[in-house]
Amino acid sequence: ALTVDIDLLKSLHKDNTGYVLRPTARIEPDNTLGTIAGTVADGVLSSLHAMPYDGTSVETNCAVYVFEGDGTTPDDYYDGSPVYSTARVRYDATSDPVTARYAAGALPAGIYTVALTCNADDPTTDDPNTGTASNAVLFTAGQTATVVATQTTNIDFN
């Protein structure tokens, strides 16, 4: 069995004429892929000014970014950036208590750095991550994740 992974951040862009599609896909054997998944604590979401759970919307406006290698410095997405994959952080309203979760799948076995941001990221530009600009994309400290084929690696943000 094979997995076809389409990265929408790389494939779909909006410019001044509308949406532009540049399909980017990779095909990998299922038995070589793993997943990174976990939860994000309410205190972390609050400190990053995430959208709080209001009883209806599951959106946090946050995302986990996955970078290849150990100790990679988290950076925003732009053409040529070190971002390998991203995953939206959403509230799981079926859990008691409601918990924010994410899952980044279709990752080849290997070592990755994962980091969380709740800042809007413009994928057409290299936004600063210094915190001094209004469009800065700030991340939590990166955590190392070792992905094993056919397994889920748990990385929580507490």
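Residues numbered from 1 in each chain as written. Predicted model: local features only at pLDDT ≥ 70, side-chain atom pairs only at ≥ 80, totals over all residues. Heavy atoms only, no water.

Chemist: Go over the state of the cysteines, please, and point to the residues and values.
Modeler: Within this structure, the stated rule accounts for one disulfide. Between the sulfur of C62 and that of C118 lies a disulfide, 1.9 Å long from S to S. Looking down the S-S bond of the C62 and C118 bridge, the torsion is 100°, so its handedness is right-handed. Of this pair, C62 sits in strand 6 (residues 59-68) while C118 sits in the loop between strand 9 (110-117) and strand 10 (143-147); the two residues are 56 residues apart in sequence, bridging distant segments of the chain. C118 carries the same exposure label as C62, and that label is buried. (Disulfide = S-S within 2.5 Å. Helix = DSSP H or I, 4+ residues; strand = E, 2+ residues; numbered from the N terminus. Buried < 20%, exposed > 50% of the residue type's maximum accessible area, 1.4 Å probe, protein only.)

Chemist: Any details on the pattern of salt bridges? Residues and values, ideally.
Modeler: On inspection of all chains with the given rule, the structure shows five salt bridges. Taking the shortest distance from any N to any O, the salt bridge between R26 and E28 comes out at 3.4 Å. E59 is the partner of R88 in a salt bridge, and the nearest nitrogen-oxygen pair spans 2.3 Å. Note that R88 is positioned in strand 7 (residues 83-92) and E59 in strand 6, a separation of 29 residues in sequence. Several salt bridges converge on common partners, so that one network encompasses D5, R26 and E28. (Salt bridge = Lys/Arg side-chain N within 4 Å of Asp/Glu carboxyl O.)

Chemist: Explain the side chain of R26 to me, and be specific about the residues and the numbers.
Modeler: Tracing the backbone through its elements, the reader meets R26 in strand 4 (residues 25-29). A polar contact of 3.4 Å, which involves the side chain of R26, links it to the side chain of E28. Setting aside its immediate chain neighbours within four residues, R26 contacts T3, V4, D5, L33, Y84, A106, L107 and P108. (Polar contact = N/O pair within 3.5 Å; in protein donor to acceptor, adjacent residues only side chain to side chain. Contact = heavy atoms within 4.5 Å.)

Chemist: Residues and numbers for unusual backbone geometry, please.
Modeler: The linkage connecting D96 with the following residue, P97, adopts the cis geometry, with an omega of 5°. Structurally, P97 can be placed in the loop between strand 7 and strand 8 (99-108). Positive phi values are uncommon outside glycine, yet A106 reaches one of about 60°. By secondary structure assignment, the location of A106 is in strand 8.

Chemist: Tell me what's going on with the packing of aromatic side chains, and back it up with residues and numbers.
Modeler: A full pass over the atoms with the stated rule returns six aromatic pairs. Between the aromatic rings of F67 and F139, the centroid separation amounts to 6.2 Å while the plane-to-plane angle is 75°, which identifies the pairing as edge-to-face. Of this pair, F67 sits in strand 6 while F139 sits in the loop between strand 9 and strand 10, placing them 72 residues apart in sequence. Per residue, the accessibility class of F67 equals that of F139, and both read buried. (Phe/Tyr/Trp six-rings, centres within 6.5 Å; stacked < 30°, edge-to-face > 60°.)

By themselves, these are just geometric observations and shouldn't be taken as functional.
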